[in-house]
Amino acid sequence: MNFTSRPFIFKRLTSSFVPRFEFPKYNVPLSDFKGHQVKALKKFQYLAPQLNMVVEIRDLRAPLSTRNVLFDKFFLAGNEKIKRLIVYTKKDLMPQNKELLNTLIRWHKELNENFIILDSKSPSDAKNLLKILQWESDKLLNDSVPLPMGYRVLVSGMPNVGKSTLVNSLRYINYGKKNENTKRRKVSKTGNEAGVTRSTSEIIKISKEDSQQGIYLIDSPGIGLPGRVSNPVAQADYLLFLMNLQKPKNKVLWYPESDTKPTNDIYSIFRRFYDMKKISDTTAAISWINQWKRKGKNILFDIEPLLQPNEFSYKEYLLNDLKKIESYKLENDKLNILGSSKQLFL
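Remember, it's a predicted structure, so these values are computed and weren't measured experimentally.

**Describing the overall build of the protein chain**
- Counting its regular elements, the protein chain contains 10 helices and 8 strands.
- At a minimum sequence separation of 6, the contacts of the protein chain that also span at least 24 residues come to 75%.

**What to know about the pattern of salt bridges**
- All told, the structure shown has 15 salt bridges when counted by the stated rule.
- Asp 237 is the salt-bridge partner of Arg 20, the closest N and O atoms lying 3.1 Å from each other. With Arg 20 in the loop between helix 1 (7–12) and helix 2 (35–47) and Asp 237 in helix 7 (residues 232–245), this pair connects stretches of sequence that are 217 residues apart.
- Judged by relative accessible area, Arg 20 falls into the buried class, the value being 17%.
- According to the relative accessible area criterion, Asp 237 is buried, its value standing at 4%.
- Among the salt bridges present, the one from Lys 121 reaches Asp 92, with a minimum N-O distance of 3.8 Å. With a gap of 29 residues between them, Lys 121 in the loop between strand 3 (114–117) and helix 5 (123–142) and Asp 92 in the loop between strand 2 (83–89) and helix 4 (98–110) connect regions that are remote in the sequence.

**So, the side chain of Ser 120**
- As for its position among the elements, Ser 120 is in the loop between strand 3 and helix 5.
- For Ser 120, the side chain forms a polar contact with the main-chain oxygen of Gly 162, separated by 3.4 Å.
- The residues contacting Ser 120, other than those within four sequence positions of it, are Thr 89, Gly 162, Thr 165, Leu 166 and Ser 169.

**Section: unusual backbone geometry**
- For Lys 90, which is not glycine, the phi dihedral falls at a positive 70°.
- By the secondary structure assignment, Lys 90 is in the loop between strand 2 and helix 4.
- Notably, Asn 298 is not glycine yet its phi reads approximately 55°, a positive angle.
- With respect to the helices and strands, the residue Asn 298 is situated in the loop between helix 9 (281–295) and helix 10 (314–324).
- By relative accessible area, which is 27% here, Asn 298 ends up partly exposed.

**A few points about the confidence of the model for the protein chain**
- Looking at the protein chain as a whole, its pLDDT mean stands at 78, while 72% of the residues score no less than 70.
- Across the protein chain, strand 3 holds the top mean pLDDT of 97, while helix 1 sits lowest at 43.
- Considering only residues more than four positions removed or in separate chains, one finds that residues 3–14, a stretch of pLDDT under 50, has 24 contacts.
- Every residue in residues 330–346 scores below 50 in pLDDT, and together they form 58 contacts with partners more than four places removed in sequence or on other chains.

**Points about the sheet that holds strand 2**
- Strand order across the open sheet formed by 6 strands is 3-2-1-4-6-5, with mixed pairing between neighbours. Either end of the sheet is taken by a strand with one partner, and the two such strands are strand 3 and strand 5 (203–205). Within the sheet, the average angular offset between the axes of one strand and its neighbour, ignoring direction, is 30°.
- Pairing between strand 1 (residues 53–59) and strand 2: 7 bridges, direction parallel. Pairing of Ile 57 across the sheet is with Val 87, part of strand 2.
- Helix 4 contacts strand 1, strand 2 and strand 3 of the sheet and is inclined by roughly 165° relative to strand 3.

**Looking at the pairing of strand 6 (residues 215–218)**
- With 4 bridges connecting them, strand 4 (residues 151–157) and strand 6 associate as parallel partners. Residue pairing across strands places Val 153 opposite Leu 217, the latter belonging to strand 6.

**What to know about the pairing of strand 2**
- With 6 of its 7 residues buried, strand 2 lies for the most part within the structure.
- With helix 3 (residues 69–76) bridging strand 1 and its parallel neighbour strand 2, the resulting β-α-β unit is right-handed.
- Bridge count for strand 2 against strand 3 is 4 bridges, and the pairing is parallel. Across the sheet, residue Tyr 88 finds its bridge partner in strand 3, namely Ile 117.
- At this point the chain moves from strand 2, through helix 4, to the parallel strand 3, and the crossover so formed is right-handed.

**So, the packing of aromatic side chains**
- Throughout the structure, instances matching the rule amount to 10 aromatic pairs.
- Their ring planes at 80° and their centres at 5.0 Å tell us that Phe 23 and Tyr 238 sit as a pair that is edge-to-face. Residue Phe 23 is found in the loop between helix 1 and helix 2, and its partner Tyr 238 is found in helix 7; the two are separated by 215 residues along the sequence. As far as burial versus exposure is concerned, Phe 23 and Tyr 238 are alike and both buried.
- Plain terms: the ring middles of Trp 107 and Phe 312 are 5.2 Å apart, the flat faces sit at 55° to each other, and that makes the pair tilted.

Rules of the game
- Just so you know, the residues in each chain are numbered from 1, in the order the chain's sequence is written.
- Only residues with pLDDT of at least 70 get local features here, since the model is predicted, and only at 80 or more are side-chain atom pairs given and counted; chain-wide, interface and lining totals rely on the full set of residues.
- Values reported for side chains reflect all heavy atoms of the structure, with hydrogen atoms and water molecules removed beforehand.
- In DSSP terms, a helix is any run of H or I states spanning at least four residues, a strand is any run of E spanning at least two, and both are numbered starting from the N terminus.
- In what follows, residue pairs with any heavy atoms lying within 4.5 Å of each other are defined as contacts.
- We define a salt bridge as a side-chain nitrogen of Lys or Arg found within 4 Å of a carboxyl oxygen belonging to Asp or Glu.
- Burial status follows relative accessibility: with a 1.4 Å probe on protein chains alone, a residue under 20% of its type maximum counts as buried, one over 50% as exposed, and anything between as partly exposed.
- Polar contacts, as used here, are pairs of N or O atoms within 3.5 Å; protein pairs need one atom able to donate a hydrogen and one able to accept it. Residues neighboring in sequence count only if both atoms are side-chain atoms.
- Per-residue confidence from the prediction method is given by pLDDT, with values spanning 0 to 100.
- Two strands are counted as paired when DSSP detects at least two bridges linking them.
- Between the N-to-C directions of two axes lies an angle of 0 to 180 degrees, each axis being a line fitted to C-alpha atoms and, for a helix, fitted only over the stretch in contact.
- Consider the strands pointing away from the viewer: the crossover is right-handed when the path from the first strand over the helix to the second runs clockwise.
- Here a pair means two rings of Phe, Tyr or Trp (six-membered ring of Trp) with centres within 6.5 Å. Their orientation is stacked below 30 degrees between planes, edge-to-face above 60, and tilted elsewhere.

Laid out in structure tokens, this is it:
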């Protein structure tokens, strides 16, 4: 990954510190599909005839890395009638970033895609999403298209993008605690690690009991792509690479710099945070990455949103990814795939 031909990035850097503009190629094993992810893909195909909408969740900080080309393949495989809404979560970790918003508007306009940005934990944001789903359901009802099984929405996305948290927030609107003594019950498991949801869940009703037409969610496990770098140290190094390229305007420190200078050395970062005599490099890398996944504000985990319109086309990016997976088969719970999409470090 080389950015030496991107002079505009240099202009954004105000420090005398010079970051790397080329990320090294690590000779490390790449991950493959998990069994439950393959089963989920099969279930998607089975559920397609009864679906009215697919809500695809992506992380606002990684709009391309958390986009799954297999979902694009799904919509091009005879499922064009199913509505699609792209929901970017983690809004609270990218507050008031107008440049990113304008970039997303431009990208999705290229493909005539609808998207919204929200915080999965926010009751008001969940209510806004429910209003959209209710409007789509009412539209079919008003057009004399009754749905005996109700309006059915599949919630999908990459692992750990906030799907289950959003499902819980939507369910809580009409079925939450009635008083302060009632404990809030989760209808979908959540956690900091990927893969908490292991199977496509039962139907979860989120509309009011007296609604003319019920709205039902189907939660699903996160489905990643093969070709993801599974080495934590390489992932941490890539995160450092991104941090140094995106020195924040608000001068929030990416990592401790009070008594040390910025660095391109990931092992130096480990030493600043941890006692390396007590833990391994792998443990330090996992801990540091997870910290930024949970709390990393104002940092993009993708570089492409920083590029100028004439240097990156969202539509061309998608078409190139689709070409790479023109032929794939689900056989015996194994996915045989030609090529791979964007390598996912985070």
